[in-house]
Amino acid sequence: MRLGVVIYSGDPEVVWNAFRLANYALKEKDNVKVFLLAKGVECESLPSEPFDIPAEMKKFVAACGAILACGTCLEIRNSDGTELCPLSTMSDLHEIVKTSDKVITF
């Protein structure tokens, strides 16, 4: 299955659980892409106790998951993106929605 995960929350527990699900889906041999939107682009800097978001993100990328981050949302926050959260576009989000079998949002 091709799964699109859109994360727009800034709640650490919600973001952590979104990446836990994405990691589980990769273990199940699904193709998973995560798009960070709005407050979701802040996920690397969210308080991580007791939720280790960066560890889940690194595990996801190491397992060949793809993370894309809204460029406009990053620019609003004066960020250029990072290695884990590369700058992306609405065109990329549209492609994820168009090509996924299922899209879920957090």
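Within each chain, residues carry numbers counting from 1 in the order of the written sequence. pLDDT decides what is reported in this predicted model: residues at 70 or higher carry local features, side-chain atom pairs at 80 or more are listed and counted, and totals for whole chains, interfaces and linings draw on all residues regardless. Hydrogen atoms and water are omitted, and side-chain values are computed over all heavy atoms in the structure.

Draft legend 1. Highlighting the pairing of strand 1 (residues 2-7). The cut-offs for exposure are 20% and 50% of the maximum accessible area for each residue type, with area from a 1.4 Å probe on protein chains only; residues under the lower value are buried, those over the upper are exposed, and the others partly exposed. Helix and strand assignments follow DSSP, with helices taken as H or I runs no shorter than four residues and strands as E runs no shorter than two, numbered in order from the N terminus. When you tally the buried positions in strand 1, you get five out of six residues, the bulk of the element. Where strand 1 and strand 2 (residues 31-36) come together, six bridges link them in parallel fashion. Each bridged residue has a counterpart across the sheet, and for R2 the counterpart in strand 2 is N31. Two strands form a pair only when DSSP identifies at least two bridges running between them. Where strand 1 meets strand 5 (residues 102-105), four bridges bridge the pair, whose relative direction is parallel.

Draft legend 2. Quick look at unusual backbone geometry. Phi angles above zero are rare outside glycine, and K29 is one such case at about 75°. On the secondary structure map, K29 appears in the loop between helix 1 (12-27) and strand 2. Here K29 falls in the exposed class, since its relative accessible area comes to 73%. Look at A38: it is not a glycine, yet its phi comes out positive at around 55°. Within the fold, A38 resides in the loop between strand 2 and helix 2 (53-62). Under the relative-accessibility criterion, A38 is labelled partly exposed at 31%.

Read these as spatial facts, not as claims about activity.
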